[in-house]
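# Observations on chain architecture
What follows is each chain in one-letter form.
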Amino acid sequence: MKVFWTLYINGRTMDNNRSILEYLMKRLMDIIGAAVGLILLSPVLVLLYIVIRRDMGSPVLFVQVRPGKHGHPFKMVKFRSMRDVIALGGTPLSDAERITPLGAKLRSSSLDELPGLWNVLKGDMSLVGPRPLLVEYLPLYSPQQARRHDVRPGLTGWAQVNGRNALSWDEKFALDVWYVNNRSVWLDIKIIWMTIRKVIKRDGISADGEATMPRFTGSQRTTR
């Protein structure tokens, strides 16, 4: 019994130490990756700022509160890709009607996400993780789907490299939860490499019939 208890305690200690080590390695990779990215891409960031300001005016940056780890809110930053216009009578226009030709190019190339490196550097986000969605979606998740918030949201993720906006919501959330259950530094490196290939090919940018992705209104599991 004593031997079993000793092995149990040592096993838990090793698991905890491994978890802490992987957490520190992931955070270190985020800091280095975001800092290097911001420095190397600074000419691109400045150029995009000028082009967006000329094409769409001010503001150049799109800032919106999104849920982070454990659902805690943070201000996510992206390059603006849509016009702030509404139809007669105050009805909001669809994403397809508001997105500009320049905005479509920014999204298809994922260049609109570059300012998010600042969120990664601050610790609001990670380079890899489930994408931060709208705060209004939080009460619509099933308990299983809500596990996507057990980790920091990411600039890219397992769902993004396996279909992105071409996936259904249920498929996307299933992939997000798979990542939470199987996350590791090596998996993050694999996802980053796959993301680069996806961006070059520009796969899965939109769902069928949509400019980006339809709004989430709750899956069959959450509405029964």
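As the structure is a prediction and not an experimental result, all values here were calculated from the model. (Residues numbered from 1 in each chain as written. Predicted model: local features only at pLDDT ≥ 70, side-chain atom pairs only at ≥ 80, totals over all residues. Heavy atoms only, no water.)

Here the focus is the overall build of the protein. A count of helical and extended segments in the protein gives 8 helices and 4 strands. For the protein, the sequential pattern of α-helices and β-strands runs α-α-β-β-α-α-α-β-β-α-α-α. Looking at the 224 residues of the protein, the share that counts as buried comes to 42%. Considering only contacts in the protein between residues 6 or more positions apart, those separated by 24 or more positions represent 70%. Carbon and sulfur atoms provide 62% of the accessible area of the protein, an area that totals close to 13200 Å². (Helix = DSSP H or I, 4+ residues; strand = E, 2+ residues; numbered from the N terminus. Buried < 20%, exposed > 50% of the residue type's maximum accessible area, 1.4 Å probe, protein only. Contact = heavy atoms within 4.5 Å. Areas by Shrake-Rupley, 256 points an atom, 1.4 Å probe, with all protein chains shown as cover.)

Once that is clear, we can look at the pattern of salt bridges. Taken as a whole and judged by the stated rule, the model has 8 salt bridges. Two residues, Asp-188 and Lys-26, come together in a salt bridge whose shortest N-O distance is 2.5 Å. Linking Asp-188 in helix H7 (residues 185-201) with Lys-26 in helix H1 (residues 2-40), this pair joins segments that are 162 residues apart in sequence. A residue is classified by how much of its surface remains accessible, and Asp-188, at 1% relative accessible area, is buried. Taking the relative accessible area as the measure of exposure, Lys-26 reaches 17% and is therefore buried. (Salt bridge = Lys/Arg side-chain N within 4 Å of Asp/Glu carboxyl O.)

Moving on to the nonpolar core. One finds Ile-52, Trp-158, Tyr-179 and Ile-191 to be the most contacted residues of the largest nonpolar core, which totals 29 residues. Among the elements of the structure, H1, helix H2 (42-56), strand E2 (73-79), helix H4 (101-109), helix H5 (116-122), strand E3 (126-128), helix H6 (169-182) and H7 are those that each provide at least two residues to this core. A per-element tally of this core places H2 first, with 4 residues. Those residues in contact with Ile-191 that lie beyond four places of it in its chain are Val-128, Thr-156, Gly-157, Trp-158, Val-161 and Tyr-179. Leu-133, Leu-134, Tyr-141 and Trp-169 belong to the second-largest nonpolar core, a separate cluster that totals 8 residues. (Core = buried A, V, L, I, M, F, W, Y, C linked by side-chain atoms within 4.5 Å.)

Before going further, it helps to examine the environment of Phe-173. Here Phe-173 shows up in helix H6. Discounting residues that sit within four places of it in the chain, Phe-173 has contacts with Leu-133, Tyr-141, Gln-145, Arg-148 and Phe-216.

Okay, the side chain of Arg-148 next. With respect to the helices, strands and loops of the structure, Arg-148 is situated in the loop between E3 and strand E4 (154-156). A distance of 2.8 Å separates a polar atom in the side chain of Arg-148 from the backbone oxygen of Arg-131. Apart from the residues within four sequence positions on either side, Arg-148 is in contact with Pro-130, Arg-131, Leu-133, Tyr-141, Phe-173, Asp-176, Val-177 and Val-180. (Polar contact = N/O pair within 3.5 Å; in protein donor to acceptor, adjacent residues only side chain to side chain.)

A word on the pairing of E2. A large share of E2 lies buried, amounting to 5 of its 7 residues. Inspection of the sheet shows strand E1 (residues 61-67) paired to E2 by 7 bridges, in the antiparallel sense. Residue pairing for E2: Leu-61 is matched across the bridge by Phe-79. Between E1 and E2, which follow one another and run antiparallel, lie 5 residues, and His-70 among them has a positive phi close to 60°. (Pairing = 2+ DSSP bridges.)

The subject of this paragraph is the packing of H6 against H7. It is at 9 Å that the axes of H6 and H7 come closest, and there the two elements cross at 140°. In terms of axis orientation, H6 runs oblique to H7. For the pair H6 and H7, contact is made by Trp-178, Tyr-179 and Asn-182 and by Leu-187, Asp-188 and Ile-191, respectively. Residues belonging to the contact of H6 with H7 are distributed by class as follows: 4 nonpolar, 1 polar and 1 charged. (Axes fitted to C-alpha atoms, helices over the stretch in contact; angles between N-to-C directions. Parallel < 35°, antiparallel > 145°, perpendicular 65-115°, else oblique. Nonpolar A, V, L, I, M, F, W, Y, C, P; charged D, E, K, R; others polar.)

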